[in-house]
Every structure is written in C-alpha cells, then in structure tokens.
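Spelled out from the first residue to the last, the chains are:
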Amino acid sequence: MSEASGHILVVDDTALSRSILVRALQAQGHTTLEAADGRQALDLLAGDAGRPVDVVLLDLEMPGLDGYETLRRLKADDALRHLPVIVISAVDELDSVVRCIEMGAADYLPKPFNAAILRARLAASLSAKRLHDLELEHAARQAALLETIERQRTELARFLS
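Residues numbered from 1 in each chain as written. Predicted model: local features only at pLDDT ≥ 70, side-chain atom pairs only at ≥ 80, totals over all residues. Heavy atoms only, no water.

### A short note on the sheet that holds strand β1 (residues 7-11)
If you trace the five strands from one edge of the open sheet to the other, you get β2-β1-β3-β4-β5, paired in parallel fashion. The sheet is open, and its two edges are formed by β2 (31-35) and β5 (107-110), each paired on a single side. Each strand axis lies, on average, 20° off the axis of its neighbour in the sheet, ignoring direction. Two elements, strand β3 (residues 55-58) and strand β4 (residues 85-89), share three bridges in a ladder whose sense is parallel. Paired with V56 across the bridge in β4 is V85. Set on the sheet, helix α4 (residues 94-103) makes contact with β4 and β5; between it and β5 the angle comes to about 150°. (Pairing = 2+ DSSP bridges. Helix = DSSP H or I, 4+ residues; strand = E, 2+ residues; numbered from the N terminus. Axes fitted to C-alpha atoms, helices over the stretch in contact; angles between N-to-C directions. Contact = heavy atoms within 4.5 Å.)

Structure representation (structure tokens):
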C-alpha cells in the first residue's frame, strides 16, 4: 500500500452504493471494509477487536442507526473521535451539511460523488489522520523517555545518598 492509500470503512445501507464506492476506492489503491448500517460500523471499529481504519465514509439515511447518530457516537467515543468521517449522502440540504460538520465530520460530499473530489478529500483526511497518529506516537515516546529519566534520577539519588 502506498503512502497515499489507506484503510477506508464504507457505511451505507444500499449494496449498490457500497459497491460503487468500494470499486472507486480500490481503484485509488485503498483497502476497504464495508458496513450496511451504523451499528455494524461501530461494531467493526469497537475495542481491541476493532479493525484498523483511517477514514470512514458515512451515508446519512439508513434504517436503525442512521448516519447522524453513528457520527455522534463516533465523536463521543474517545478511542474513535480522531477518525476522519466523510459524509457521502443524497441529502444535500445546507442544514444537513452544516449539522454534520458541526458534529465533527471532516467533510460532506453529495451523491452521486465525483471521483476526483473524493480522491482529494480522502487525501486531506488521510494526511490529518497520519499527523494525529504521529502526534500520539511522539507523545508516547516522550512519556516513556520522561519515565526513564525519572527512574534514573531516583536511582541516582539513592546511590548518592
């Protein structure tokens, strides 16, 4: 997989829509997972059993757990809130776009989607996700280094006293 590709979760209740998106994503070099509704998407992402995902493509109009509620739950979960979510929906009302962005969506694309715009928006979201991952890795290294320094300081203090 190239630096520009990622693991994309496609969430849409319509099999044809998922298939079209998956084909477009795979043609761009991405690997994909599919979920037919919000609950299945959250299950795929949950806990230690969660699959690695870099970006979520989310439809709004789904039975059961719709896209709005799925987005709300993703952004309320500390382990998942960092995931970029791009809403791809036939609902193209301005209020819906604003609502999704305010809820934390990284972007909003209308159906039918334009492949070039999807590629550009995915590239931006993947860059943001990779930057976030690097920040977490850096913070973990710093914490480990500080722990080592503190342990050595304590040992040195015992040795010197």
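Picking up after the structure, the text goes on.
### Here we look at helix α3 (residues 67-76)
All buried positions along α3 are accounted for by G67, Y68, T70, L71, L74 and K75. Along the axis of α3, the buried residues cluster in a sector spanning 165°; they form a single face. Of the surrounding elements, those touching the buried residues of α3 are α2 (38-45), β3, β4 and α4. Put simply, D66 is the residue that caps the front of α3, since its side-chain oxygen is 3.2 Å from the backbone nitrogen of Y68. (Buried < 20%, exposed > 50% of the residue type's maximum accessible area, 1.4 Å probe, protein only. Arc of directions from axis to C-beta. Polar contact = N/O pair within 3.5 Å; in protein donor to acceptor, adjacent residues only side chain to side chain.)

### Points about a nonpolar patch on the surface
A cluster of nonpolar side chains, contributed by L145, L146 and I149, occupies part of the molecular surface with about 300 Å² of accessible area. Mapped onto the fold, L145 is located in helix α5 (residues 115-160). (Patch = residues over 30% accessible without salt bridge, like charges linked within 9 Å, V, L, I, M, F, W, Y side chains within 5 Å. Areas by Shrake-Rupley, 256 points an atom, 1.4 Å probe, with all protein chains shown as cover. Salt bridge = Lys/Arg side-chain N within 4 Å of Asp/Glu carboxyl O.)

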